[in-house]
Amino acid sequence: MKIQNQHIQDVNKNIIEDHNDSFDFLANKLTKNGHDVNTILSKLAEFQVAIPSWALGAGGTRFGRFGFYGEPTTLEQKIEDVGILHSLTQTAGAVSLHIPWDVPQDYNAVSELASSLDIKFDAVNSNTFQDQKDVKESYKYGSLSNTSQAVREQAIQHNIDVIKIGEKLGSKALTVWLADGSCFPGQNNFQTAFQNTQDSLKSIYKDIPEDWKMLIEYKPYEPNFYSTVIQDWGASLMLANECGEKAYTLVDLGHHLPNSNIEQIVSILSLKGKLGGFHFNDSKYGDDDLTVGSIKPYALFLIFNELVYGMANNPQNPDLAWMIDASHNVKDPLEDLIQSLEAIQEAYAKALLIDQKALKEAQLNNDVVKCQEILQGAYRTDVRPLIEKARLDRGGAISPIKAYRELDLRNYLIKERGRNTVATGL
Ligand SMILES: [Mn+2]
């Protein structure tokens, strides 16, 4: 299913006057305060976030999966869903495939479909945290870190196969996230597990194409509950440095212990030119994978402040691979992803409003109160008219949720695909 642009414009018609009023008011105010509104709008328009192929199916809880009608069952249907998101929001111009859940059957057809929807293939993700059907070796006790050479070799080969799939689609990065670790003290030798992981990653790295990145994701605990081999940014950075200049650290917001200062991690990795990718979600307790911005929007804004600073001041750091990595639980996946995209754009827009020059001056004068005023002044601005305008200018919806509901898109998908369909994934 492909949305006709005219349908989006029809929904926009009913709310365009309100939008114009609030945009004019905000744009005038920002211009008076020395902001270049057009530059902010073009930055917002350029900011594209990848949708993971596994996010389009039904969610549920850790203990059960509750079906959602009209789920996409093929990769083509998943890409069509990303196409719907992109048409409405104009900020979901990429898909991130998870292998082996979404191996293309017909590469030409999949590539043509994606490009017809203006969607690129972002990082490809390997999976060595589950045993797939008919495999020889089990990952029950780890993959790249396993004490068995045969298991490690199988996991290395899988990653190399994933790179080959990505190359056929135009991807430029491999994301490696390992569930490797231990559930009980004494189960693993920390040094052996780390060393094995390092050697395995170096073997994979040899197959990373010249214009690719290898993104190494970290996580402190879960599914293993005593130790994780790549438990934090320090472990990830050590491994990336060991592999070489095409290897980077990937930050996933939910992969931190409570109250970690993620903005500081982002800032220092960016200074060192080693921040390669970013996964968006939110959390209340642990790796809850809640909708980004739904729990701690101010923390998200502070992180974006560092990302904006890094993008402007750290040419040594490459462009980042942005991806939503969340679980929509009991929501319609597409509505949840729209909310995520909006929260990301909102935090980004607010961060773009920070007067970096004034902030630097206040920092130099040790004017702590002024520093906070500058940050919170930007944070308290209602930037939604800017985001609406950036979408509208590119043919998107002023309110993507409203358009999704008024166009009754879920019912169209159910009619097309049937009610009780099931997507691949967890
Ligand atoms: Mn992640």
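Notes on the structure follow. (Residues numbered from 1 in each chain as written. Predicted model: local features only at pLDDT ≥ 70, side-chain atom pairs only at ≥ 80, totals over all residues.)

**Details of the overall build of the chain**
This is how the line gets drawn: Secondary structure follows DSSP: runs of H or I at least 4 residues long count as helices, runs of E at least 2 residues long count as strands, and numbering of each begins at the N terminus. Put simply, the radius of gyration uses C-alpha atoms, and a globule should come to 2.2 Å times the residue count raised to 0.38. Exposed residues have 12 or fewer other C-beta atoms within 10 Å of their own C-beta, buried residues have 20 or more, and residues in between are partly exposed; the C-beta atoms are placed from the backbone. Any residue pair is listed as a contact if its two C-beta atoms, each placed from the backbone, are within 7 Å.
Scanning the chain from N- to C-terminus turns up 16 helices and 13 strands. Taken against the 2.2 N^0.38 rule, which gives 22 Å for 426 residues, the C-alpha radius of gyration of the chain at 22 Å falls within 12% of a compact globule. Dimensions of the chain, computed from C-alpha atoms along their principal axes, come out at roughly 65 × 60 × 40 Å. Per-residue burial for the chain yields a buried fraction of 47% across its 426 residues. Of the contacts formed within the chain by residues at least 6 apart in sequence, a portion of 80% connects residues at least 24 apart.

**Focus: the environment of Tyr 139**
Note on placement: Tyr 139 falls in the loop between β6 (124-125) and α6 (149-169). Between the C-alpha atom of Tyr 139 and that of Cys 183, which follows or precedes it by 44 residues, the distance is 14 Å.

**So, the nonpolar core**
The nonpolar side chains of a soluble globular protein tend to be buried with one another. Applied cut-off: Joined through C-beta atoms within 7 Å, a set of buried Ala, Val, Leu, Ile, Met, Phe, Trp, Tyr and Cys residues constitutes a nonpolar core.
Of all hydrophobic cores here, the largest spans 109 residues; its most connected members are Val 95 and Leu 215. Looking at this core, the element that brings in the most residues is helix α11 (residues 333-352), giving ten residues.

**Some thoughts on the pairing of strand β7 (residues 173-176)**
Along a regular strand, successive side chains alternate from one face of the sheet to the other. This is how it is decided: When DSSP finds two or more bridges between a pair of strands, those strands are recorded as paired.
Judged by which residues are buried, β7 turns out to be covered on both faces: Ala 173 and Thr 175 on one side and Leu 174 and Val 176 on the other are all buried. With two bridges joining them, β6 and β7 adopt parallel strand pairing. Residue pairing for β7: Val 124 is matched across the bridge by Leu 174. Sheet analysis places β7 next to strand β9 (residues 213-217), joined by four bridges and oriented parallel.

**Some points on helix α7 (residues 190-205)**
The cut-off we apply is this: An expected span of 1.5 Å times one less than the residue number is assigned to each helix.
Over its 16 residues, α7 extends 22 Å from the first C-alpha to the last, a length consistent with the 22 Å expected when each residue adds 1.5 Å. Within α7, the full set of buried residues consists of Ala 193, Asn 196, Thr 197, Ser 200, Leu 201, Ile 204 and Tyr 205. Residues of α7 that are buried in the fold lie against α6, β7, β9, α8 (233-243) and β11 (247-252).

**Things to note about unusual backbone geometry**
Here the bond from Ile 99 into Pro 100 is cis, since omega is 20°, no more than 30 degrees from zero. With respect to the helices, strands and loops of the structure, Pro 100 is situated in the loop between β4 (94-96) and α5 (107-116). Each neighbour pair has its own omega, and for Glu 222 with Pro 223 the value is 5°, a cis peptide bond. Despite not being glycine, Asp 289 has its phi angle at roughly 55°, a positive value. Along the chain, the position of Asp 289 falls in the loop between β12 (275-280) and α10 (297-313).

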